[in-house]
Amino acid sequence: MSAARSTSVPDAGRITNVLVANRGEIARRVFATCRRMGLGTTAVYSDADANAPHVTEADAAIRLPGNTPAETYLRADLIIAAAQAAGADAIHPGYGFLSENAEFAKTVQEAGLVWIGPPVAAIEQMGSKVESKKMMDAAGVPVLKQLDPAEVTAEMLPVLIKASAGGGGRGMRVVRELSQLTEQLEAARREAESAFGDPTVFCERYLETGRHIEVQVMADTHGRVWTVGERECSIQRRHQKVVEEAPSPLVERIGGAGEGTGSEWPPRRDSMRWRLFEAARLASEAIGYQGAGTVEFLADEQGEFFFLEMNTRLQVEHPVTECTTGLDLVRLQLQVAQGYRLPATPPPMRGHSIEVRLYAEDPAQDWQPQSGPVHRIEFGAGTAEFTVLTEPGLRLDSGVVAGSVVGVFYDPMLAKVISYADTRDEAAHLLATALQRARIHGLVTNRDLLVRVLRHPAFLAGDTDTAFFATHGLEQLAAALVSESDEALSIVAAALADAAANRSRATIGAGLPSGWRNLPSQAQHKSYESRNTGVHEVRYRLTRTGLEVDGHDGLALLEAGPDTVVLSVPGERGPVRRRFEIARYGDLVAVDSPLGPVALRKLPRFSDPADQVAEGSLLAPMPGAVIRVGAEAGSTVTKGQPILWLEAMKMEHTIAAPATGLLTELNVVAGQQVDVGTVLAVVHVEDSVE
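Residues numbered from 1 in each chain as written. Predicted model: local features only at pLDDT ≥ 70, side-chain atom pairs only at ≥ 80, totals over all residues. Heavy atoms only, no water.

As recorded in an unreviewed UniProt entry, the protein chain goes by biotin carboxylase and comes from Nocardia vermiculata. According to the UniProt record, the Catalytic activity (unreviewed entry) comment for the protein chain is "N(6)-biotinyl-L-lysyl-[protein] + hydrogencarbonate + ATP = N(6)-carboxybiotinyl-L-lysyl-[protein] + ADP + phosphate + H(+)". Of the protein chain, the UniProt comment under Cofactor (unreviewed entry) reads exactly: "biotin". (UniProt positions renumbered as here; feature names shortened; annotations may be inferred.)

Here it is in structure tokens:
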């Protein structure tokens, strides 16, 4: 913490060892601050996380038998026992799981441990979104009216179903047709029960467009409440934040009431920023809040806003506030838990910070989560990890490293990538470039979408409402970064690197490399499949006059090795030198260059008939559990009709009929666990049915 220092007035016992009742990136984040403060660290882990980085980095680690959250990270009794076994004297809940569970906080304190979080009463009051809104209304905080699901009429549509005990998009559904309300309520309740152990949901009016603005608060145990800047988190998918930034472009644009700008500090009285801070302060004081928390609002373009909820914990997006204030919020949490006083005022905001959430998911395929090994995840030199940036640069908060495996039991977020710079444009440019050039091998991610968002004219102009993907077209935003012509060059580079790898393993007479010909000969060829453009066959000759590649006149080979290829590419104003880095993992070939990342599957020369699947087969797009079946074998199904539902990574996914036809096979039952690529069902389409 740089700009403001706490004053030591310890009312609680001194913390010496912290157990983080969480996993992945947030556990590593808390451990990083603990190490800087000279505190011991204790991790807990499920069987699925046995080799996770947060486990190996901790001073001690305790196993929680099982894989699912219900068996492990949601078991308060096991976590308390783990803390006692390891000699930890404090518990940090992170976010998600039990972080906003009042009963857990109470149990921690009853066990004689320090709870690094708000008072139990504050968690209870904000834990129910239904009751919390009533309380905020009474405190003078503007709120949206809540609706009883049983009383929703067609005139009230659209409405948003929300889980009373949750967040992170779980248990949230938008309903635009009254006939869908019952089904969506049931689905929302199932997700809420699975994620939070509480199926309670409610409805409120859904604003198709709006700005998601939130205020970071920090309160000590002596009655002082800081409002530590605001963040904007409007770009979302499935009601989960994807891009977050501080300060808010909307607040910056609107500025004060009348003259002035949003950048003024301290904020002018009656400006939007001042009104947001005042509402957040009222909300915090109304419940006697202590520690780190976030008060979330939905705002319109005119600067009016309504209370959404208060998260009684640290937020996923807290790094952007750290970078624009110089504060280590985890350090402050630990200090407040020990009774330290906050200084009179927090430091002012400076510069701009943007965070994106890098997910193992396919935005172009309805955000399907991915699972499997992370072969490589590297950002540029100089990238800081879990560090408060004070100079322009890049920060990485990640729960995975090279060799990690993304499973099906938890959220598929790979990393939070954060930039900090003097201006918003510079922060966006720095982050987009770093993402494009990062080496991320092994899984399909939302990387291309994130880069396109950061470079989109609307984003750069600050026009970032909650309908961003719908407004600007998900298909265009999710498109591959690399152009088809540049991808073709990358595929040529992959073929030449593979050829170099083959030559390094085999020679012919007189030490000449395999593939070399003294006389003109038939072209050699290699085949690859791209997710973006399908199958490519590269036909090339290595002659004494140089490289010849079919369809690429004028292309010259300057250097070729198993891992690096340098090509001279013809252009309108002369040849351009291009360097490509190639990595292989089985049949996966990853090609990285400034042109953009390319992932390929190397195709065998001869296909195995056993690998063929019947036409009309519905394959599992991800590993998961079948939670419901909606049709029977032998029945006629219509295009788009749900056949079954999969639960993976705490979200439900519908598997629908691709066309109208006869459901000839149904190979799974409710409760069955399936792997990616499993043939779930087969729909036979006949001419008569069509």
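The rest of the description comes next.
Further remarks concern helix α5 (residues 120-127). When we look at burial in α5, the residues that qualify are V120, A122, I123 and M126. The buried residues of α5 occupy an angular sector of 165° when projected down its axis, which confines them to one face. Residues of α5 that are buried make contact with α4 (102-110), β5 (114-115), α6 (129-138) and β14 (305-311). (Buried < 20%, exposed > 50% of the residue type's maximum accessible area, 1.4 Å probe, protein only. Helix = DSSP H or I, 4+ residues; strand = E, 2+ residues; numbered from the N terminus. Arc of directions from axis to C-beta. Contact = heavy atoms within 4.5 Å.)

Grouped together as the largest cluster of nonpolar side chains are 40 residues, with contacts concentrated most on V243, F379, L435, V453, F459 and F469. Contributions of two or more residues to this core are made by β12 (240-246), β15 (352-359), β21 (393-398), β23 (413-421), α12 (424-437), α13 (447-455), α14 (457-460) and α15 (468-472). Excluding residues within four positions of it along the chain, L435 makes contact with V356, F379, V417, R447, L450, V451 and L454. The next biggest cluster of nonpolar side chains, apart from the first, holds 31 residues, and it includes I15, V30, A90 and V330. (Core = buried A, V, L, I, M, F, W, Y, C linked by side-chain atoms within 4.5 Å.)

Note: strands within a sheet are paired through backbone hydrogen bonds, in either parallel or antiparallel orientation. Pairing is antiparallel in the open sheet, where four strands are placed in the order β33-β40-β38-β35. Where the open sheet ends on each side, the last strands, each with one partner, are β33 (617-619) and β35 (636-637). Pairing of strand β38 (residues 661-666) with strand β40 (residues 679-684), which is carried by four bridges, proceeds in the antiparallel orientation. Its bridge partner being in β40, E665 is matched across the sheet by V682. (Pairing = 2+ DSSP bridges.)

For E245, the location among the structural elements is in strand β12. A distance of 2.6 Å separates the side chain of E245 from the side chain of R424, its partner in a polar contact. (Polar contact = N/O pair within 3.5 Å; in protein donor to acceptor, adjacent residues only side chain to side chain.)

With that settled, consider the pattern of salt bridges. This structure, assessed with the given rule, holds 43 salt bridges. Residue E301 pairs with R211 through a salt bridge whose shortest N-O separation is 2.9 Å. Highlighted residues: E301 in the loop between β13 (291-299) and β14 and R211 in strand β10 (residues 211-219), separated in sequence by 90 residues. A network of salt bridges, in which partner residues are shared, links E214, R231, K241, E244, E296, E317 and R357. (Salt bridge = Lys/Arg side-chain N within 4 Å of Asp/Glu carboxyl O.)

In this section: the sheet that holds strand β31 (residues 588-592). The strand order across the open sheet formed by eight strands is β27-β26-β25-β32-β31-β30-β29-β28, and the pairing between neighbours is antiparallel. At either margin of the open sheet sits one strand with a lone partner, and together these are β27 (546-549) and β28 (556-560). The average undirected angle you get between the axes of adjacent strands in this sheet is 30°. (Axes fitted to C-alpha atoms, helices over the stretch in contact; angles between N-to-C directions.)

For A279, the location among the structural elements is in helix α9 (residues 272-286). Expressed as a C-alpha distance, the spacing of A279 and A139, which sit 140 residues apart in the sequence, is 9.0 Å. Once you skip the residues sitting within four places of it in the chain, A279 turns out to touch V141, F297 and F305.

Secondary-structure assignment places V453 in helix α13. V453 gets classed as buried once you look at its relative accessible area, which sits at 1%. Linking V453 and T464, residues eleven residues apart in sequence, is a C-alpha distance of 9.8 Å. Leaving out residues up to four positions away in the same chain, V453 has contacts with I235, V243, F459, F468, F469 and L477.

The next point concerns unusual backbone geometry. Geometrically, the link from L157 to P158 is a cis peptide bond, its omega value of 0° lying close to zero. One non-glycine residue, R238, lies in the positive phi region at around 50°. As for its position among the elements, R238 is in the loop between β11 (225-237) and β12. Here R238 falls in the partly exposed class, since its relative accessible area comes to 26%. Positive phi is not limited to glycine here, since H239 has a value of about 65°. If you trace the backbone, H239 turns up in the loop between β11 and β12.

Here we come to the packing of helix α3 (residues 76-86) against α4. One can describe the packing of α3 onto α4 by two numbers: an axis separation of 10 Å at closest approach and a directional angle of 30°. As judged from the angle between their axes, α3 and α4 are roughly parallel. In the packing of α3 onto α4, the handedness of the crossing is right-handed. Across the interface between the two elements, A76, I79 and I80 of α3 pack against F104, T107 and V108 of α4. Here the contact of α3 with α4 is built from residues that sort into five nonpolar, one polar and no charged. (Parallel < 35°, antiparallel > 145°, perpendicular 65-115°, else oblique. Left-handed = near helix turned anticlockwise from the far one by under 90°. Nonpolar A, V, L, I, M, F, W, Y, C, P; charged D, E, K, R; others polar.)

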